[in-house]
Amino acid sequence: MAKLRLEIVTPERLFLSKEVDEVQIPALNGELGILPGHTPLISQLAVAGILSCRADGAQTRAVIGRGFAEVGPDKVVILASYAQLPNEIDLAEARQELYLAEKNMRASEKDPIVDIQEALIKLECAMI
């Protein structure tokens with residue numbers, strides 16, 4: 001069976017590089033399902049989302065966001081602002097970020113100085 005080379009790069013590191021059977025990418029306008037032989041495309045990533053890939057029956061998931069995906073027939077390169085595996089997420093810190101994002105969102109409804117768009121982005125990232 002044909003494979004795809006998946007590479008996920010963040011500003012800090014080469015996050016992932018492996019051969020996969022398929023990839024699900026959280027794109028700006030919805031999920032993209034990529035199989036070997038896919039038509040080339042470039043897409044902006046969602047602010048936050050869950051990437052999923054399958055290789056030899058094993059599934060890997062990661063939280064990624066803010067960046068771009070370049071898809072070719074045999075390779076997918078993702079340049080993301082951030083990427084984390086589930087075991088890398090500090091649950092207490094994530095809950096605190098969600099609490100602060102919700103608080104900031106409520107404040108943006110009453111305070112014109114608080115940027116509502118940025119508050120929405122932070123809330124979406126915290127929820128993922």
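Provided above is the structure to which this section pertains.
Since the model is a prediction, treat every value here as computed from it, not as a measurement. (Residues numbered from 1 in each chain as written. Predicted model: local features only at pLDDT ≥ 70, side-chain atom pairs only at ≥ 80, totals over all residues. Heavy atoms only, no water.)

1. Observations regarding the overall build of the chain
Across its full length, the chain holds two helices and eight strands. Across the chain, helices and strands are ordered from the amino to the carboxyl terminus as β-β-β-β-β-β-β-β-α-α. Evaluated residue by residue, the chain yields a buried proportion of 34% over its 128 residues. Sequence separation of 24 or more characterises 51% of the internal contacts of the chain that already satisfy a separation of 6 or more. For the chain, the exposed area adds up to about 7,800 Å²; of that, 55% sits on carbon and sulfur atoms. (Helix = DSSP H or I, 4+ residues; strand = E, 2+ residues; numbered from the N terminus. Buried < 20%, exposed > 50% of the residue type's maximum accessible area, 1.4 Å probe, protein only. Contact = heavy atoms within 4.5 Å. Areas by Shrake-Rupley, 256 points an atom, 1.4 Å probe, with all protein chains shown as cover.)

2. Description of helix α1 (residues 91–110)
For α1, built from 20 residues, the straight-helix expectation of 28 Å at 1.5 Å per residue is met to within 8% by its first-to-last C-alpha distance of 30 Å. Among the residues of α1, Ala101, Met105 and Ser108 are the ones counted as buried. Along the axis of α1, the buried positions cluster into a sector of 65°, meaning they face one direction only. Away from its buried face by more than 90 degrees, α1 exposes Ala92, Arg95 and Lys110. (Expected span 1.5 Å × (residues − 1). Arc of directions from axis to C-beta.)

3. Some thoughts on the pairing of strand β4 (residues 30–34)
The pairing of strand β3 (residues 22–27) with β4 spans five bridges and is classified as antiparallel. Looking across to β4, one finds that proline 26 is bridged to glutamate 31. The turn joining β3 and β4, which pair antiparallel and follow one another in sequence, is formed by two residues. (Pairing = 2+ DSSP bridges.)

4. Focus: the pattern of salt bridges
For the structure on display, the rule yields six salt bridges. Via salt bridges that share partners, Lys3, Asp21, Glu22, Arg54 and Asp56 belong to a single interconnected network. (Salt bridge = Lys/Arg side-chain N within 4 Å of Asp/Glu carboxyl O.)

5. Focus: the environment of glycine 30
By secondary structure assignment, the location of glycine 30 is in strand β4. Take glycine 30: its relative accessible area is 29%, and that puts it in the partly exposed class. When the C-alpha atoms of glycine 30 and alanine 46 are compared, they prove to be 7.9 Å apart, with 16 residues separating the residues in sequence.

6. Quick word on unusual backbone geometry
Of note, aspartate 56 is a non-glycine position whose phi angle comes to about 55°, a positive value. Of note, aspartate 56 is situated in the loop between β6 (49–55) and β7 (58–71).

Honestly, that's just the spatial picture; any functional story needs more than this.
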